[in-house]
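Residue-level listing of the chains:
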Amino acid sequence: MSSQICKSASRAARSILSASSKSSPFLSEGRAVASATATAFRRKFSSASSFYEKAEYNRSSRGLLSAALALPAAVYMLQDQEAHAAELERTFIAIKPDGVQRGLIAEIVSRFERKGFKLVAIKLVVPSKDFAQKHYHDLKERPFFNGLCDFLSSGPVLAMVWEGEGVIKYGRKLIGATDPQKSEPGTIRGDLAVVVGRNIIHGSDGPETAQDEIALWFEPSELVSYTSNAEKWVYGDN
């Protein structure tokens, strides 16, 4: 009976292991190891004599069977960790007038630095109302558009460009939800802001938006390309 169960578990594991259409050296190696392990478990069970069908063997075999059944879950965990290295990219981040006035520049910059992202452009500007309208052009039909533009142009804004693998997506995670009340503790808005109208920071929400916003706020000559001494400790040598 245990042999049949293990065979079923092995087949299920192999099926899930081969289900992914996108492969990488890391996941391929993981699939090979998992498949070999499943085969070993199956052989272990099928070669067991009737003596080992008794209680003592059943206790030990259950542990092996649990490990075999855990293989599909392990594969999904590898996939959830996004084994493919993210592409090196840049994102636009701006500390709004409320964040500047509250003296949060160092706090916010340090969070991106501690994560391992690299600052490649920065400047302090007071945007005009027209400029703010260009920045928020996608919200021009919203009833709060004018108030939003008035606020962005009400004082100094710290405009920045950050570079790193996955910086656009993870930059948004560092920032937190638009509504600080819905932001998780540990995020910038979750820790430092209270209401939507004063949520202290802006970040690009996708590759196209990042490209447009960087082009709006910075001239190409203002973007710096360099190798940080910390990069080998962030990404490794491979």
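- In the annotation of an unreviewed UniProt entry, the protein is listed under the name Nucleoside diphosphate kinase and assigned to Iris pallida.
- The Subunit (unreviewed entry) field of the UniProt record for the protein holds the comment "Homohexamer."

## Section: the overall build of the protein
Phase 1 of the analysis: A tally of helices and strands in the protein yields twelve helices and four strands.
Phase 2 of the analysis: Looking at the 238 residues of the protein, the share that counts as buried comes to 37%.
Phase 3 of the analysis: In the protein, the proportion of contacts linking residues at least 24 apart, taken out of those at least 6 apart, comes to 76%.
Phase 4 of the analysis: About 14200 Å² of surface is accessible on the protein, with carbon and sulfur atoms providing 53% of the total.

## Quick word on helix H8 (residues 145-152)
Structurally, the α-helix is built with 3.6 residues per turn, so residues lying three or four positions apart point the same way.
Phase 1 of the analysis: Every buried residue of H8 is accounted for by Phe 145, Cys 149, Phe 151 and Leu 152. Axial view of H8: buried residues confined to an arc of 160°, hence all on one face.
Phase 2 of the analysis: Tucked inside the fold, the buried residues of H8 contact helix H5 (97-101), helix H7 (129-135), strand E3 (157-165) and helix H11 (207-217).

## Some points on the confidence of the model for the protein
Phase 1 of the analysis: Per-residue confidence for the protein gives a mean pLDDT of 78, with 63% of residues at or over 70.
Phase 2 of the analysis: Every residue in residues 44-57 scores below 50 in pLDDT, and together they form 16 contacts with partners more than four places removed in sequence or on other chains.
Phase 3 of the analysis: Here residues 64-85 is a poorly scored stretch, pLDDT under 50, and it has 31 contacts once near neighbours within four places are set aside; other chains count.

## Topic: the pairing of strand E1 (residues 88-95)
Phase 1 of the analysis: In terms of strand pairing, E1 meets E3 through eight bridges, oriented antiparallel. Each residue of the ladder has a partner; that of Leu 88, found in E3, is Glu 165.
Phase 2 of the analysis: Pairing geometry for E1 and strand E4 (residues 201-203), over three bridges, is antiparallel. Considered in E4, the bridge of Ala 94 is made with His 202.

## Regarding the packing of helix H6 (residues 105-115) against helix H9 (residues 167-175)
Phase 1 of the analysis: Remark: H6 packs on H9, axes separated minimally by 11 Å, with the N-to-C direction vectors making an angle of 135°. With respect to H9, the axis of H6 lies oblique. Two packed elements cross with a definite hand, and for H6 against H9 that hand is right-handed. Within the contact between the two elements, H6 uses Arg 111, Phe 112 and Lys 115 and H9 uses Tyr 170, Gly 171, Leu 174 and Ile 175.

## Description of the UniProt feature "active site" (unreviewed entry) in the protein
Phase 1 of the analysis: The UniProt feature table records "active site" (unreviewed entry) at His 202.
Phase 2 of the analysis: Overall, His 202 belongs to the buried group, its relative accessible area being 14%.
Phase 3 of the analysis: Apart from the residues within four sequence positions on either side, His 202 is in contact with Phe 92, Ile 93, Ala 94, Lys 96, His 135, Ile 175, Arg 189 and Glu 213.

Reading the values: the criteria
Residues numbered from 1 in each chain as written. Predicted model: local features only at pLDDT ≥ 70, side-chain atom pairs only at ≥ 80, totals over all residues. Heavy atoms only, no water. UniProt positions renumbered as here; feature names shortened; annotations may be inferred. Helix = DSSP H or I, 4+ residues; strand = E, 2+ residues; numbered from the N terminus. Buried < 20%, exposed > 50% of the residue type's maximum accessible area, 1.4 Å probe, protein only. Contact = heavy atoms within 4.5 Å. Areas by Shrake-Rupley, 256 points an atom, 1.4 Å probe, with all protein chains shown as cover. Arc of directions from axis to C-beta. pLDDT = per-residue confidence, 0-100. Pairing = 2+ DSSP bridges. Axes fitted to C-alpha atoms, helices over the stretch in contact; angles between N-to-C directions. Parallel < 35°, antiparallel > 145°, perpendicular 65-115°, else oblique. Left-handed = near helix turned anticlockwise from the far one by under 90°.

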